[in-house]
Structure formats: structure tokens, C-alpha cells
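This is what each chain is made of:
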Amino acid sequence: IFIETITGTNGIIIPPAGYLQGIRKICDKYGIMMVCDEVMCGLGRAGEWFAVDHWNVVPDLLTMAKGLTGAMAPLGAVAMRPHVAAAFRDAPYGGGLTYNNHPLCLGAAVGTLRAMEEEDIVGNSRRMGAVLRRLHQEMEA
């Protein structure tokens, strides 16, 4: 099951409580892989390193891209659980990708992630999220 953890293209749609846990449970029950697309909402944008972390759910695969390099260079990545990675040990995926393994992009990613940690970017996102939430609630009242 492929899901965009927090949908950004159709408006910012945050899943209700229990939704992602329910998907994880269905995937586990039926042996289905859960893939979270975090290209838009991952890498600190939602106040955690990955948006899915808000729901304490671990997908089998997690995609990321834009935030990896701070938009300085094109790079995408897929994180995967050990049982998924094991399938590629004896049968590596040899497909070429446009934004794959370029030293400039990887260097930009290392620098971006280092700066995010040193400058507490994820923590700042979390703090600003609380401010925005309060302001939205005031506008609703």
C-alpha cells in the first residue's frame, strides 16, 4: 500500500488518529508492504524527522527527496526495513536513476542533514507547528 503520509498536493490532509496504525495492522495481517511517501512531508517539515513518526508507525519502505539536500541538488532516497533490504543482498537492483549516487548531491545531503541537526531545524519546525496550530484555532473561533 502506497500512501503519502500527509497529503500535500490535494491540500494539507493530516490522517486522523488511528488511520496509519490501521493501515500498518492490515499490511501486517495480509503480508502487504506499507510504503510511505515522505518526499513532501518528511525531513522535519512536520515537526519530526519523518511525518509517520507522529503516529509511531514504521513503514516497510519510506521515500524521501526534496529535503535531503535543502533543494540545493536533486537527490532521492528510499529507506527500508531490514527484511526488505535482505531481498536485495543476493539480487541487487541495478536500475539507473536520474538522481542516484551523484557525489555533489550526496555531499549536499550530508551538509544539509548536519545543519538540520546542529541548528535543531526539526525542533524549530515542531515549535512553529504549535504556533500555527494555535493561530488556526483562533481563526476558527
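In this report, we go over the structure that sits alongside the text.

Cut-offs and rules
Residues numbered from 1 in each chain as written. Predicted model: local features only at pLDDT ≥ 70, side-chain atom pairs only at ≥ 80, totals over all residues. Heavy atoms only, no water. Helix = DSSP H or I, 4+ residues; strand = E, 2+ residues; numbered from the N terminus. Buried < 20%, exposed > 50% of the residue type's maximum accessible area, 1.4 Å probe, protein only. Salt bridge = Lys/Arg side-chain N within 4 Å of Asp/Glu carboxyl O. Pairing = 2+ DSSP bridges. Axes fitted to C-alpha atoms, helices over the stretch in contact; angles between N-to-C directions.

## So, the environment of I6
Assignment of secondary structure puts I6 in the loop between β1 (2-4) and α1 (19-30). With a relative accessible area of 12%, I6 lands in the buried category. When the C-alpha atoms of I6 and D37 are compared, they prove to be 8.7 Å apart, with 31 residues separating the residues in sequence.

## What about the pattern of salt bridges?
Tallying each qualifying case throughout the model produces 6 salt bridges. Linking R126 and E48 is a salt bridge whose minimum nitrogen-to-oxygen distance equals 3.7 Å. A residue pair is termed long-range when its members are at least 10 positions apart, and R126 in helix α4 (residues 121-140) and E48 in the loop between β2 (35-37) and β3 (61-64) qualify at 78 residues. By relative accessible area, which is 42% here, R126 ends up partly exposed. Taking relative accessible area as the criterion, E48 reaches 25% and is therefore assigned partly exposed. Connected through salt bridges with shared partners, the residues R24, D28, D60 and R81 form a single ionic network.

## Quick look at the sheet that holds β2
The 4 strands lie next to each other as β1-β2-β3-β4, forming an open sheet whose pairing is mixed. Each edge of the open sheet carries a strand with a single partner, namely β1 and β4 (77-80). For this sheet, the mean angle separating the axes of adjacent strands, direction not counted, is 20 degrees. In terms of strand pairing, β3 meets β4 through 4 bridges, oriented antiparallel. Bridge pairing in β4 places L62 opposite A79.

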